[in-house]
Amino acid sequence: IEGTHQYVVPLLQRKWRWDTKEWKTLWEDLVELYEEEKPRSHFIGSIVTMPTQSVPEGVAKLLVSDGQQRLTTIFLLLSVLRDKARTSPSSTLADEIEQTLLKNPFKQGNDAFKLLPTQGDRESFLAVIKNELASTDDQIARAYKFFERKIRVNQIPDLEKLKQISVSQLILV
């Protein structure tokens, strides 16, 4: 997900529907990898994308045909890691996550976001990415709170390691 581009979930796609069962499975996989001295690769599924036209000065856009559930969940987890990392004053991890994984730095408007969900999820998702989590109780806010609670309860001390596992050890085709 690094690089200047954007994953766009087409309007015809259903809303993001992963729930506690899927979040828990992903979390358990991450914790298992985290506890390994040298984390192995872990296959989590496929993502099907198709390049689409974008304006010459915009970012390269990829339509997400399949995999929006996994992709959206990973972005929410990365948002939680970014926000947790902000509590450590000496860490640059929060800025690294924001500027290389969540956003396209130096881009404006919707082009600034690496993932643009379908209309039904967009407002809540972008609020999380902008670190403006509202007091809403929709699925996206619940997922964010789930991962935030798991990191706190499991007392994950090395956020950098968890970030590295999330972006390098989770394998997508």
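Relevant structure appears above.
This structure is a prediction, so every number in the text was calculated from the model and none was measured.

Novice: Please set out the overall build of the protein residue by residue, giving values where relevant.
Specialist: Helix and strand counts for the protein stand at 6 helices and 6 strands. Listed N to C, the secondary structure of the protein is β-α-β-β-β-α-α-β-α-α-α-β in terms of helices and strands. Taking 16 Å as the expected radius of gyration for a compact globule of 173 residues, we find that the protein reaches 15 Å, a close match to that expectation. The dimensions of the protein, computed from C-alpha atoms along their principal axes, are 45 × 35 × 35 Å.

Novice: Explain the pattern of salt bridges to me, using residue names and the numbers behind them.
Specialist: Applying the stated criterion to the full structure yields 14 salt bridges. Taken together, the salt bridges that share partners define one network made up of Arg82, Asp83, Arg86, Glu98 and Lys103.

Novice: For helix 2 (residues 68-85), give the residues involved together with the corresponding values.
Specialist: With 18 residues, helix 2 extends 25 Å from end C-alpha to end C-alpha; this agrees with the ideal 26 Å at 1.5 Å per step. Here helix 2 lies mainly inside the structure; 17 of its 18 residues are buried.

Novice: Talk me through the layout of surface pockets; I want residue IDs and the actual numbers.
Specialist: Approximately 200 Å³ is the volume attributed to the largest pocket. Around the largest pocket, the lining comprises 13 residues; the ones closest to its centre are Ile1, Leu71, Ser166, Val167 and Leu172. Going through the elements one at a time, helix 2, helix 6 (159-169) and strand 6 (170-172) are the ones with two or more residues in the lining of the largest pocket. Among the elements that line the lining of the largest pocket, the one with the most residues is helix 2, at 3 residues.

Novice: How would you summarise the sheet that holds strand 1 (residues 5-8) if you had to cite specific residues and measurements?
Specialist: On the basis of which strands lie adjacent, the open sheet formed by 4 strands has the order 3-4-1-5 and mixed pairing. Looking at the sheet topology across the chains shown, the edges are occupied by strand 3 (48-52) and strand 5 (115-116). Where strand 3 meets strand 4 (residues 60-66), 5 bridges bridge the pair, whose relative direction is antiparallel. Bridged to methionine 50 within strand 4 is leucine 63. On top of the sheet, helix 2 reaches strand 1, strand 4 and strand 5; it is set at about 120° to strand 4, its chief contact.

Novice: Can you lay out helix 6 for me, pointing to particular residues and giving the numbers?
Specialist: Here helix 6 has its buried residues at Leu159, Leu162, Lys163, Ile165, Ser166 and Gln169. Of the surrounding secondary structure, the elements contacted by the buried residues of helix 6 are helix 1 (20-35), strand 2 (42-45), helix 2, helix 3 (93-102), helix 5 (139-153) and strand 6. Two to three positions downstream of the cap, the backbone nitrogen of glutamate 160 sits 3.3 Å from a side-chain oxygen, assigning the N-cap of helix 6 to aspartate 158.

Novice: Now, about the packing of aromatic side chains: what can you tell me, with residues and values included?
Specialist: Taken as a whole and judged by the stated rule, the model has 5 aromatic pairs. Ring geometry for tryptophan 23 versus phenylalanine 146: centroids 5.5 Å apart, planes at 50°, classification tilted. Taken together, the residues tryptophan 23 in helix 1 and phenylalanine 146 in helix 5 connect sequence positions 123 residues apart. Tryptophan 23 sits in the buried class, given a relative accessible area of 2%.

Novice: Summarise the packing of helix 4 (residues 119-129) against helix 5; cite the residues concerned and give the values.
Specialist: Packing of helix 4 against helix 5 leaves a shortest axis separation of 9 Å and a crossing angle of 30°. Between helix 4 and helix 5, the interaxial angle falls into the category roughly parallel. Between helix 4 and helix 5, the contacting residues are Asp121, Ser124, Phe125 and Val128 on the first element and Ile140, Ala141 and Tyr144 on the second. Looking at side-chain class alone, the contact of helix 4 with helix 5 contains 5 nonpolar, 1 polar and 1 charged residues.

Scoring rules and cut-offs
Residue numbers run consecutively from 1 along every chain, following the written order of its sequence. Whole-chain, interface and lining totals are the exception, using all residues; otherwise, since this is a predicted model, local features are given only for residues with pLDDT of at least 70 and side-chain atom pairs are given and counted only at 80 or more. Working from all heavy atoms in the structure, the side-chain values ignore hydrogens and water. Working definition: helices are DSSP H or I runs of at least four residues, strands are E runs of at least two. Numbering for both runs from the N terminus. We take the radius of gyration over the C-alpha atoms and set the globule estimate at 2.2 Å times the residue count to the 0.38 power. Put simply, a salt bridge is a Lys or Arg side-chain nitrogen that is within 4 Å of an Asp or Glu carboxyl oxygen. Expected span of a helix, by definition, is 1.5 Å for each gap between consecutive residues, and there is one gap fewer than residues. Note on exposure labels: buried denotes an accessible area under 20% of the residue type's maximum, exposed denotes more than 50%, and partly exposed covers the range between, all computed with a 1.4 Å probe on protein chains only. A 1.4 Å probe that fits but cannot get out identifies a cavity on a 1 Å grid over protein atoms alone, an open set with protein on both sides within 12 Å along at least five of seven lines counts as a pocket, and a residue lines either if it has an atom within 4 Å of a point. Grid points are joined across faces, edges and corners, and a volume is the space filled by probe spheres set on the points. Pairs of strands are assigned from DSSP output, requiring at least two bridges between the strands. It only takes one pair of heavy atoms within 4.5 Å for two residues to be counted as in contact. Axis definition: a line fitted to C-alpha atoms, limited for helices to the stretch in contact. Angles are taken between N-to-C directions and run from 0 to 180 degrees. Contacts described as polar in this section are N or O atom pairs within 3.5 Å, which, within protein, must combine one atom able to donate a hydrogen with one able to accept it, while residues neighboring in sequence count only if both atoms come from side chains. Centres within 6.5 Å are what make two rings of Phe, Tyr or Trp a pair, Trp counting through its six-membered ring; a difference in plane orientation under 30 degrees is then read as stacked, over 60 as edge-to-face, and the rest as tilted. Roughly parallel means an angle under 35 degrees; roughly antiparallel, over 145; roughly perpendicular, 65 to 115; everything else is oblique. Each residue is assigned to one of three groups, with Ala, Val, Leu, Ile, Met, Phe, Trp, Tyr, Cys and Pro labelled nonpolar, Asp, Glu, Lys and Arg labelled charged, and all others, Gly among them, labelled polar.

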